[in-house]
Amino acid sequence: MINFKQEIARQISEVTNINWEELENYLEIPPETKMGDYAFPCFKLAKTLKKAPPAIAMQIKEEIKTENTAIEKIEVVGGYLNIFINKKLLVENVLKEIDEQKDKYGYSKIGEGKTAVIEYSSPNVAKPFHIGHLRTTVIGGSLYKIYNALGYNTVGINYLGDWGLQFGKVMAGLELWKNEYDLENDSINSLLKIYVRFSEEEKQNAELTDMARTWFKKLEDGDQYTTKTWEWIRKISIENYNKTYKLLNSKFDSYNGEAYYNDKMDDVVKELEEKGLLKESQGAKIVDLEEYNMPPCIIITSAGTTIYATRDITAFIDRVNTYKFDKMVYVVGAEQKLHFEQFFKVLEKMGYGEYVKRAVHVPFGLVVDKNGEKIGSRKGNSVFLEDILNEAINKSKKIIEEKNPNLEDKDDVARKVGVGAIIFNDLYNSRIKDEIFDWDTILNFQGETGPYMQYIYVRTKSLMEKANYVPDINKVNFELLQEDEVIDMAKLLYDFSNTIILAGEKNEPSIIARYLINLAQKFSTFYNNNKIIGEDKELQEARLYLTYACGTVLKIGAGLLGMEMPNKM
């Protein structure tokens, strides 16, 4: 597909004899469309060309070719060139590219030959999947799909919290109270209750904390009974999580959690010692980070056990050796900022600086209710994600029963709309902001929501079904697609690939979510102002193909967020 920005830069280069790549960097997008599609500030060339910017602007306008080129017209405003691109060429290029690429439109190869490792979701086992892990799962799942669309060899890692003192607490609790809970029929919830009970009682009884440490030490030492119990806990936890992952369309290539690195940590501790980085402090072994204005990074606790920083450092080094990654993306809450700064700095001091430069912590805000209160587990009263998703599905089905009771496959549509609404609500705003969880907004079919975007997609499908064919692109008369609302939509469709690239560069799925709402609104305007199926066959084919193109891109973009699109609503 033609790169308009590059073509404009090349044409200006022919007039000025300045490298087109330099000129391309100067091109700007004007704040209003009436000021053109691109603006070129001639002030940047004044020193080189030894002329006043307005004179340079006039010279370029007079000498540049606009007949049968990417440029339709140029206006001079002071020292600026306001450049309008060739609308017919724009529409023709975009629609032909969509026809050629189909469901891979917008994809690129900028990551070809590179590996991106994305760590996300990573719940703590022995607990049901609660709403606190919604954001990392949805954001990470979207980034996984975005990086794949950019051509990366993408590796999704579910770094399960399957090690640590929490298991000492669960196992100690099992030893004390296992006969009081229904571990056979309600195992995952029973384990949570035991953990919560233990955590509460140890506040009053320090001996329980010592007991938990003893059990975890037995696990680290490979005790057969303790290991078997741990394997059972891990297994039933993953089985529970997979129900949620299936609903959210989340995919992982590795479930190597913290436990996977248990037999690899000794070598890392030894490496830290050999490099003179470990210090004794109150019975613990630490890496002193005072020179960086950070607290010390604990490697071995005073009880002789490892800590999550030890495991994260070990995991990083293992991933360097396994994947030789070009990007390492950690989708973890903003509250862990210091932890990442600490263990990244330790890795730097160990000599892994080049790989640390390739790593990024992608933080995000909390899930809060409409009053700004955090939604999560308090005193054992957890909000489970599976329950939230099922409630969204049930609410969607109720709306469908009210609005379209005769709809076929109501259960499937309700699932796509309900789950899609949860995903879109999470991804629509910048990830660093807290997500406001409000059912009235989430499932609204008007406004900037997932159901609205899906509804507009269904409208495109309905039109295609009514026409009962997709026009042959070679028979489309592009000159019939020149209305302002059509050009607005064509510009958006043209910019889809850049949108995906920007979302990847910033690790920000909201860029795609907002793009989709914008595109849906543009199509709605086009639909309201133009008769798509009519007596004029040539005009119908042009508008119908544009409808097909818009629906195609809406579906691709929704897929990058992890959403499925219903064909009817």
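See the structure above.
Notes on the structure in this doc start here. (Residues numbered from 1 in each chain as written. Predicted model: local features only at pLDDT ≥ 70, side-chain atom pairs only at ≥ 80, totals over all residues. Heavy atoms only, no water.)

### Focus on empty space enclosed by the protein
Filter applied, for reference: Only protein atoms enter the 1 Å grid used here. Points where a 1.4 Å probe fits but cannot escape make up a cavity, open sets with protein on both sides within 12 Å along at least five of seven lines make up a pocket, and a residue lines them when an atom lies within 4 Å of a point. Grid points are joined across faces, edges and corners, and a volume is the space filled by probe spheres set on the points. Only DSSP runs of H or I with at least four residues qualify as helices, and only runs of E with at least two residues qualify as strands; both kinds are numbered from the N terminus onward. Nonpolar residues are Ala, Val, Leu, Ile, Met, Phe, Trp, Tyr, Cys and Pro. Charged residues are Asp, Glu, Lys and Arg, and all others, Gly as well, are polar.
By the definition in use, this model includes two cavities of 30 Å³ or more. Lining the largest cavity, in full, are T137, V138, G141, S142, K145, L248, N249, S250, I423, L561 and G562. When residues in the lining of the largest cavity are grouped by element, the largest group, five residues, is from helix α6 (residues 134-149). Residue classes in the lining of the largest cavity are distributed as four nonpolar, six polar and one charged. In this structure, the second largest cavity spans a volume of roughly 30 Å³. Surrounding the second largest cavity, L247, N249, R415, K416, V419, G420, G562, M563 and E564 form its lining. The element that contributes the greatest number of residues to the lining of the second largest cavity is helix α16 (residues 410-427), accounting for four residues. Residue composition of the lining of the second largest cavity, by class: three nonpolar, three polar and three charged.

### Regarding the nonpolar core
For clarity, the threshold we go by: What is meant by a nonpolar core is a set of buried Ala, Val, Leu, Ile, Met, Phe, Trp, Tyr and Cys residues, joined one to another through side-chain atoms within 4.5 Å. Buried means the residue's accessible area, taken with a 1.4 Å probe over protein chains only, is under 20% of the maximum for its type, while exposed means over 50%, and partly exposed covers the values in between. Every residue pair with non-hydrogen atoms within 4.5 Å of one another is taken to be in contact.
Among the nonpolar cores identified, the biggest contains 154 residues, and F40, I83, L95, M453, L493 and L554 are the most heavily contacted of them. Sequence-distant contacts of L554, that is, excluding residues within four places in its chain, are made with M453, I456, Y457, L516, L519, A520 and M565. V117, V269, C297 and A315 belong to the second-largest nonpolar core, a separate cluster that totals 36 residues.

### A word on the sheet that holds strand β10 (residues 359-362)
Spelled out, the test is: Strands qualify as paired when DSSP identifies two bridges or more between them. Between the N-to-C directions of two axes lies an angle of 0 to 180 degrees, each axis being a line fitted to C-alpha atoms and, for a helix, fitted only over the stretch in contact.
Taken in spatial order, the four strands of this open sheet run β5-β4-β9-β10, and their pairing is parallel. Each edge of the open sheet carries a strand with a single partner, namely β5 (153-157) and β10. Strand-to-strand twist across the sheet, computed as the mean angle between neighbouring axes with direction ignored, equals 15 degrees. Across four bridges, strand β4 (residues 115-119) lies against strand β9 (residues 327-331) in parallel orientation. Looking at the pairing, E119 lines up with Y330 of β9.

### A closer look at the layout of surface pockets
As a volume, the second largest pocket reaches approximately 1,000 Å³. As for the second largest pocket, its lining consists of 34 residues, and the residues nearest its centre are Y38, K491, Y494, D495 and N498. At the level of elements, α1 (4-16), α5 (87-101), α19 (484-494), α20 (496-506) and α21 (510-529) are the ones that each hand at least two residues to the lining of the second largest pocket. Per element, the largest residue contribution to the lining of the second largest pocket is four residues, and it comes from α19. Partitioning the lining of the second largest pocket into residue classes produces 14 nonpolar, nine polar and eleven charged.

All we've got here are geometric facts, nothing functional implied.
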